[in-house]
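Chain by chain, the residues run as shown.
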Amino acid sequence: MAESAVRMTGVVKRFPGVVANDGVNFEVMKGEVHALLGENGAGKSTLSNILTGLYRPDEGTIELDGSTVSFGSPRSALDAGIGMVHQHFRLVEPFTVAENVILGNPETPFVIDTGSTVERVAELAKRYDMAVDPNAKIWQLSVGEQQRVEILKVLYRGARVLILDEPTAVLTPIEAEALFKTLRAMTAEGRTVIFISHKLDEVMSVSDRITVLRSGRTVGTVATKDTSTRELAGMMVGRSVEFSRAVRRNPGVSSDVVLSLTDVNCNDDRGRQALHGVNVTVGRGEIVGVAGVAGNGQRELAEVIAGMRSSTGGRIAIEDKPVLNGRARAAIAGGVAHVPEDRLHTGLAAGHSVEDNMALKNYRTPLLSRFGLLKRNIITTQADDLVMKYDVKTPDTGTPVRLLSGGNVQKVLLAREFSTNPKVLVAASPTRGLDVGAIETVRERLVEAADNGVGILLISEDLEEIMSLADRIVVMYEGRLVADMPATGATREQLGLLMGGATLEASR
Ligand SMILES: Nc1ncnc2c1ncn2[C@@H]1O[C@H](COP(=O)(O)OP(=O)(O)O)[C@@H](O)[C@H]1O
Ligand SMILES: [Mg+2]
């Protein structure tokens, strides 16, 4: 009979405006790899931050080996045997592996006996099958090796429960396989591993049991051998509100291409390749949904089309005219509109008024300026019209947008983007975080624009949204488009599987 290592009961954690954990129950047995699976925003990191003493829960209890505990800090959690392997490494670059492992250890004597530490670190690394040289300097190591140092740090301090939050996000597939081997070696010795991920294939291959979180709640716990990626996908995305499919007056024409990407590559902010040979087209009046779990290249895809990021290869064209690489103004002039993920920072000037924001993109046109002077009255009139049409709830058009609610901020942004008469709109999670009323307005405006001939690339994690709006759906996984299919006939299970990395054949 397996013994309980960690039991969390009724855990609630609220942040302003969100309940990140809403009564989570989570039990992990000694000696198992237990995966915590859920979509982005499901509450996984919050739960692990509570378990490791970084956050205090608003409600609920934590038991470790059967006794109730309460951690005031990560140090006290580690003293009790719970260690976190962080997503963002906290290593000191000019120091060696061994030095990093012992740094911050309260038992470290003032004068470090490096010789014996090196030996102990080498022994630990060998025992758990982690190839890393204790004498190497951190800056000389690959990301995978640095992660091993983080693992060694918590093992060295005697952690019996190790939590890894999306550890494979930074690894190559071969490094990930090596990590899985290490995790199994640790559980074989009776240690316990909590493995956080949103990737189905990976939790299937590494875990003994899986707990699925959705919207801050526990959906259920299953034994890995008794479940399937299909069942997990269903648990992960749920079957909540079914919005009906949008009614289109003028369904799009795939063959009349307004946006095309051919073999497009680009890097992320850290210089790693984020897009791998992406090919996609959007037809006139067509809505193409890009489904995928965030962090699989969607942000880079949107930015590269909007000219906010340079591609490192391939071709992007609007109506078959190539657009200048990495030049936002050229993209706008070419007819690209963009609703970014990060509305208030990238999308709008938060401190400026509603009307100034609405004029931000076409203030250079003859309509709004003449001989370099802005036509203030026309700007105000345009803003009044847009406020009405987009149902923006604001005291007046002079109000700074930072004072508006999320839904109204998004309406201002959409109003402005469509006021430029774009040929193509790239919209990233356009309804995320909005209330139902605002979601409807935003969706109606998107459909209306498509009916009027705008080609829309709709990037969203929300399958409901993609399935109700898109004419065609592509799925993005690890920087690649892994499927391209008509929206009619696509099922939520199939998309969920593809989003988790299953092949198209396996998803059928
Ligand atoms: N420090 C924080 N402040 C405010 N909101 C937060 C904070 N951390 C997480 N959230 C919110 O809580 C929810 C759950 O987030 P998180 O636990 O990070 O999910 P996951 O790790 O599953 O992606 C999200 O809506 C997120 O925006
Ligand atoms: Mg997380």
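Going by the structure above, here's the rest.
Analysis parameters
- Residues numbered from 1 in each chain as written.
- Chains lettered and ligands numbered in written order.
- Predicted model: local features only at pLDDT ≥ 70, side-chain atom pairs only at ≥ 80, totals over all residues.
- Pairing = 2+ DSSP bridges.
- Helix = DSSP H or I, 4+ residues; strand = E, 2+ residues; numbered from the N terminus.
- Axes fitted to C-alpha atoms, helices over the stretch in contact; angles between N-to-C directions.
- Contact = placed C-beta atoms within 7 Å.
- Buried ≥ 20, exposed ≤ 12 C-beta atoms within 10 Å, placed from the backbone.
- Near = placed C-beta within 6 Å.
- Parallel < 35°, antiparallel > 145°, perpendicular 65-115°, else oblique.
- Nonpolar A, V, L, I, M, F, W, Y, C, P; charged D, E, K, R; others polar.

Visitor: Any details on the sheet that holds strand β22 (residues 480-486)? Residues and values, ideally.
Guide: Read from one edge of the open sheet, 6 strands run β16-β19-β20-β13-β21-β22, paired in mixed fashion. Each edge of the sheet is formed by a strand with only one pairing partner; in this case those strands are β16 (336-339) and β22. For this sheet, the mean angle separating the axes of adjacent strands, direction not counted, is 15°. Where strand β21 (residues 472-477) meets β22, 6 bridges bridge the pair, whose relative direction is antiparallel. If you follow V475 over to β22, its bridge partner there is A483. Those strands touched by helix α17 (residues 492-499) are β13 (287-291), β21 and β22, and its axis lies near 30° from that of β21.

Visitor: Can you explain helix α1 (residues 44-51)? Please cite residues and give values.
Guide: Counted residue by residue, α1 has 8 buried out of 8 residues, so it is predominantly covered. Listed as buried for α1 are K44, S45, T46, L47, S48, N49, I50 and L51. Of the residues flanking the end of α1, it is G53, one or two places downstream, whose phi is positive at about 80°.

Visitor: Explain unusual backbone geometry to me, and be specific about the residues and the numbers.
Guide: Even without a glycine there, the phi angle at D129 is positive, about 65°. Phi at D263 takes a positive value of approximately 50°, unusual for a residue other than glycine. Look at D263 and you get partly exposed, because 13 C-beta atoms sit within 10 Å.

Visitor: Report on the site of ligand 1, specifying residues and quantitative values.
Guide: Close contacts around ligand 1 come from F15, V18, A20, G38, N40, G41, A42, G43, K44, S45 and T46, and that covers them all. Broken down by secondary-structure element, the contributors of at least two residues to the shell around ligand 1 are β2 (18-29) and α1. Among the elements that take part in the shell around ligand 1, α1 stands out by supplying 3 residues, more than any other.

Visitor: A description of the packing of helix α8 (residues 229-237) against α17 should follow, citing residues and the corresponding values.
Guide: Contact geometry for α8 and α17: axes closest at 8 Å, N-to-C directions at 100°. Accordingly, the angle class assigned to the pair α8 and α17 is roughly perpendicular. From α8, T229, R230, A233, G234, M236 and V237 reach across to α17, where they touch R492, E493, G496 and L497. Considered class by class, the residues forming the contact of α8 with α17 number 4 nonpolar, 3 polar and 3 charged.

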